[in-house]
Amino acid sequence: MVGPMYDFLANPLGAVRSTFDKAIGSESDPSSFDGKDWGAVDLFRHFLFDQARLSQVPILNGATINWIKPNTLVRFRGMIQDMLGNELYVGAYKDGSAWRTNKFMDISQCPVEFNSPDMRLWERRLLYCVPVPGLSSWAESISEVAVNMCMDSTSEQRDKRRRMDIEVVDHNDFPVSGDEFEYSPSAKRMKEDPKNEGPCSSHVILPDVDRDSLPCLVKIYDSPESELKLNDVFEFVGVLTFDSELPSEKVDQDEFSNGLCDDVSVNLPPNKVPRLHCVIHRKLTGYDFLQNSPPTEPKPHLVKEAREALLRHLTSILGNDGVAAHFMLLHLLSRVHARADNVAVGKLSLNLTCISKEIASVFGTKLNIVIKNLLPFTKCIPLTVEYLNTVFLAPKKDYQINRLIPGVLQLAEGSHLIFDETCLETGTLDSVGIENTRLLKALAELQKVEYDFQYYKMEMMADVQILVLSEGKSNILPADIIMPFQPSSSGSSDAVPAEVLEAWRWYLATVRSMPHTIESDMQKVVENDLVTARQADRSLGSQDFSRWLTMGRLISASFGETSLSLEHWQMVKELERLRIDRLK
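Calculation notes
Residues numbered from 1 in each chain as written. Predicted model: local features only at pLDDT ≥ 70, side-chain atom pairs only at ≥ 80, totals over all residues. Heavy atoms only, no water. UniProt positions renumbered as here; feature names shortened; annotations may be inferred. Pairing = 2+ DSSP bridges. Helix = DSSP H or I, 4+ residues; strand = E, 2+ residues; numbered from the N terminus. Axes fitted to C-alpha atoms, helices over the stretch in contact; angles between N-to-C directions. Contact = heavy atoms within 4.5 Å. Core = buried A, V, L, I, M, F, W, Y, C linked by side-chain atoms within 4.5 Å. Buried < 20%, exposed > 50% of the residue type's maximum accessible area, 1.4 Å probe, protein only. Arc of directions from axis to C-beta. Disulfide = S-S within 2.5 Å. Patch = residues over 30% accessible without salt bridge, like charges linked within 9 Å, V, L, I, M, F, W, Y side chains within 5 Å. Areas by Shrake-Rupley, 256 points an atom, 1.4 Å probe, with all protein chains shown as cover. Salt bridge = Lys/Arg side-chain N within 4 Å of Asp/Glu carboxyl O.

The protein chain carries the name Mini-chromosome maintenance complex-binding protein in an unreviewed UniProt entry, which gives Salix brachista as its organism. As stated in UniProt under Subcellular location (unreviewed entry), the record for the protein chain gives "Nucleus".

**Student:** In this structure, what is going on with the sheet that holds strand β16 (residues 464–469)? I would like to understand it.
**Tutor:** In any sheet, the strands associate via hydrogen bonds between backbone groups, in a parallel or an antiparallel arrangement. Taken together, five strands build an open sheet; the order of strands is β10-β13-β16-β9-β17 and the sheet is parallel. The strands lining the two open edges of the sheet, one partner per strand, are β10 (378–382) and β17 (481–484). With direction set aside, neighbouring strand axes in the sheet form an average angle of 15 degrees. Of the strand pairs in this sheet, β10 and strand β13 (residues 415–420) are connected by five bridges, and their pairing is parallel. Bridge pairing in β13 places Cys380 opposite Ile418. Sitting on the sheet, helix α10 (residues 357–374) touches β9 (350–353), β10, β13 and β16, and the angle it makes with β13 is about 175 degrees.

**Student:** Even after reading the chapter, I still don't get the nonpolar core, so can you show me in this structure?
**Tutor:** What tends to happen in soluble globular proteins is that the nonpolar side chains get buried as a cluster. One finds Met328, Leu352, Leu367, Leu374, Leu467, Tyr507 and Leu508 to be the most contacted residues of the largest nonpolar core, which totals 72 residues. Broken down by element, this core gets its largest block of residues, nine residues, from helix α9 (residues 322–333). When near neighbours in sequence (up to four residues on either side) are disregarded, Leu467 contacts Met328, His331, Leu350, Leu352, Leu367, Ile371, His416, Leu417, Ile418 and Phe419. Core analysis: the second largest hydrophobic core is formed by 45 residues, Leu214, Phe236, Leu240 and Leu440 among them.

**Student:** It is not clear to me how the environment of Ala344 should be interpreted in this structure. Could you clarify?
**Tutor:** Structurally, Ala344 can be placed in strand β8 (residues 343–345). Once the C-alpha coordinates of Ala344 and Lys448 are considered, the two residues, 104 residues apart in sequence, prove to be 9.0 Å apart. With sequence-adjacent residues up to four places away left out, Ala344 is seen in contact with Val336, Ala338, Arg339, Leu446 and Gln447.

**Student:** What should I look at first to understand helix α2 (residues 40–50) in this one?
**Tutor:** Three or four residues apart is the spacing at which side chains of an α-helix point the same way, because the helix has 3.6 residues per turn. Buried within α2 are the following residues: Ala40, Val41, Phe44, Phe47 and Leu48. Looking straight down α2, one finds its buried side chains confined to an arc of 130 degrees; they lie on one side. Buried residues along α2 sit against α1 (12–26), β1 (73–95), β5 (233–240) and β6 (275–283). Following α2 by one or two positions, Ala52 has its phi on the positive side, about 55 degrees.

**Student:** Quick question: what am I supposed to make of the state of the cysteines here?
**Tutor:** Here a disulfide denotes one covalent bond, and it connects the sulfur atoms of two cysteines. This structure, assessed with the given rule, holds zero disulfides. For Cys216, which is in no disulfide, the shortest distance to another cysteine sulfur is to Cys129 and amounts to 6.7 Å. For Cys216, a relative accessible area of 0% corresponds to the buried category. Cysteine Cys423 is unpaired, with the sulfur of Cys380 as its nearest cysteine sulfur at 8.7 Å.

**Student:** In this structure, what is going on with a nonpolar patch on the surface? I would like to understand it.
**Tutor:** Nonpolar side chains collect at one region of the surface, where Tyr399, Tyr455, Tyr456 and Met458 lie side by side and expose about 460 Å² of accessible area between them. Positionally, Tyr455 belongs in the loop between β14 (448–452) and β15 (457–461).

**Student:** What should I look at first to understand the environment of Ala10 in this one?
**Tutor:** If you trace the backbone, Ala10 turns up in the segment before α1. Remark: the alpha-carbon pair of Ala10 and Val57, spanning 47 residues in sequence, is separated by 9.8 Å. Contact partners of Ala10, with chain neighbours within four places excluded, come to Asn71 and Thr72.

Right, dumping it as structure tokens:
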């Protein structure tokens with residue numbers, strides 16, 4: 001029986017080098033591969049997606065780092081927290097009469113002189129990526145599969161380890177000459193140090209790792225800069241080239257780079273920050289964090305069932321306050337879908353008022369739990385004077401280490417924030433506190449965050465759902481909806497079955513991304529109602545009308561509809577009437 005041509009999981013570099021050898025055999029000049037793929041990426045894409053093997057690739061995180069072997073194929077899911085620029089590396093070189101490649105590797109092997117015509121300098125981008133801030137536990141539980149796979153792999157390899165080491169030294173799994181293996185410091189240690197003969201000798205040993213915050217230095221090849229933006233959430237599939245024993249000054253640099261590469265390892269020590277050479281990347285949405293693969297089509301009966309069940313649950317959690325539950329549902333479905341001048345169209349921040357510290361300890365806690373169970377990225381922030389005076393909300397550039405220092409408000413698209421103002425007491429805000437309140441107001445009103453680059457500030461667009469709990473109307477975070485909270489019971493604490501939670505997550509992720517339009521006949525109805533409302537109440541302005549249209553869109557989406565109907569528009573007006581009555 002003939003086995004697979006390449007072992008993409010255990011020996012991805014073998015596939016890279018083999019395809020390079022084949023491509024160079026038909027191309028007279030390796031310069032034709034400058035900034036281009038020679039067919040290796042297509043092979044990986046076929047393996048991962050056409051053959052549906054992506055789930056077999058272990059996920060790299062703090063729980064799996066000590067089990068995953070270097071030079072194997074891994075996945076890293078995270079947010080692009082900083083962009084470290086580009087670096088040059090020896091991409092190809094001539095070894096005798098044959099051309100070799102160092103692509104997707106850290107240590108460049110190059111037996112020829114620098115600037116020789118027998119070598120090619122290529123370029124790659126460096127991205128500093130971190131686990132998505134506020135990632136809910138259910139959204140990362142898929143990583144447990146990777147842990148089990150790695151442990152199983154370790155058990156299987158235990159009896160074969162010594163034989164594999166001998167085979168690698170003798171004739172190398174990679175389709176290249178054996179003396180290339182000699183150039184690897186880790187290979188040399190493996191042969192010389194008897195302590196490395198144990199079954200876990202090729203595993204990464206990463207000390208003092210926080211499983212919730214393991215960063216990764218991702219190296220990107222042959223991709224347009226526009227594909228990857230700051231704060232985007234991506235899944236990177238690539239080669240883990242990590243050696244915890246290698247001195248930091250030797251990582252990302254070698255004697256042939258001649259200082260052309262930025263020495264990022266000085267501030268990103270290799271025993272803390274693994275390297276991943278990305279072969280394939282894909283942008284993730286909230287839908288990609290769902291554990292099981294639910295139906296992708298929003299069939300009417302499934303949407304209706306999920307909506308009714310979730311609305312009942314929210315009503316129960318909110319002490320049978322049905323009106324607040326309706327607004328909460330719309331709030332959870334909201335997103336910025338367009339921008340017009342300084343208006344973030346689609347946002348629907350919610351301020352639940354009439355909440356004392358005692359009420360917040362009951363309902364605030366329950367709301368925090370239910371939202372964490374529903375959304376992939378969420379945080380709860382108790383606002384106090386001390387917090388505002390000490391925390392740094394905006395990211396700030398540190399030019400001494402050439403790094404963007406993260407702030408609390410550097411968040412992924414679709415994140416949810418709960419601000420608990422019931423802890424806020426009388427006090428004095430210093431300059432930091434005043435700046436932080438300005439930043440919070442800009443986020444709530446404009447969905448923008450100012451990043452501090454010391455010599456200038458840059459506005460970055462955001463899409464963050466904001467829920468405020470306060471006794472009176474918040475003076476710090478102006479919300480689109482001011483909703484007095486009127487519970488009639490202490491709220492339910494019943495556990496929700498896992499399959500029901502999964503259905504609700506699917507519902508929120510699916511209907512949130514649906515397109516929406518207003519047909520011409522409904523446009524006339526809406527315009528007439530807005531004119532009538534304006535005549536009855538001259539205090540109404542464009543913000544109120546924009547809010548109503550957003551509510552109409554969200555109510556339609558909550559039923560799985562892509563266009564506004566008269567029935568749903570009537571629901572908007574009724575909800576607004578009930579809300580205004582509470583404000584009087």
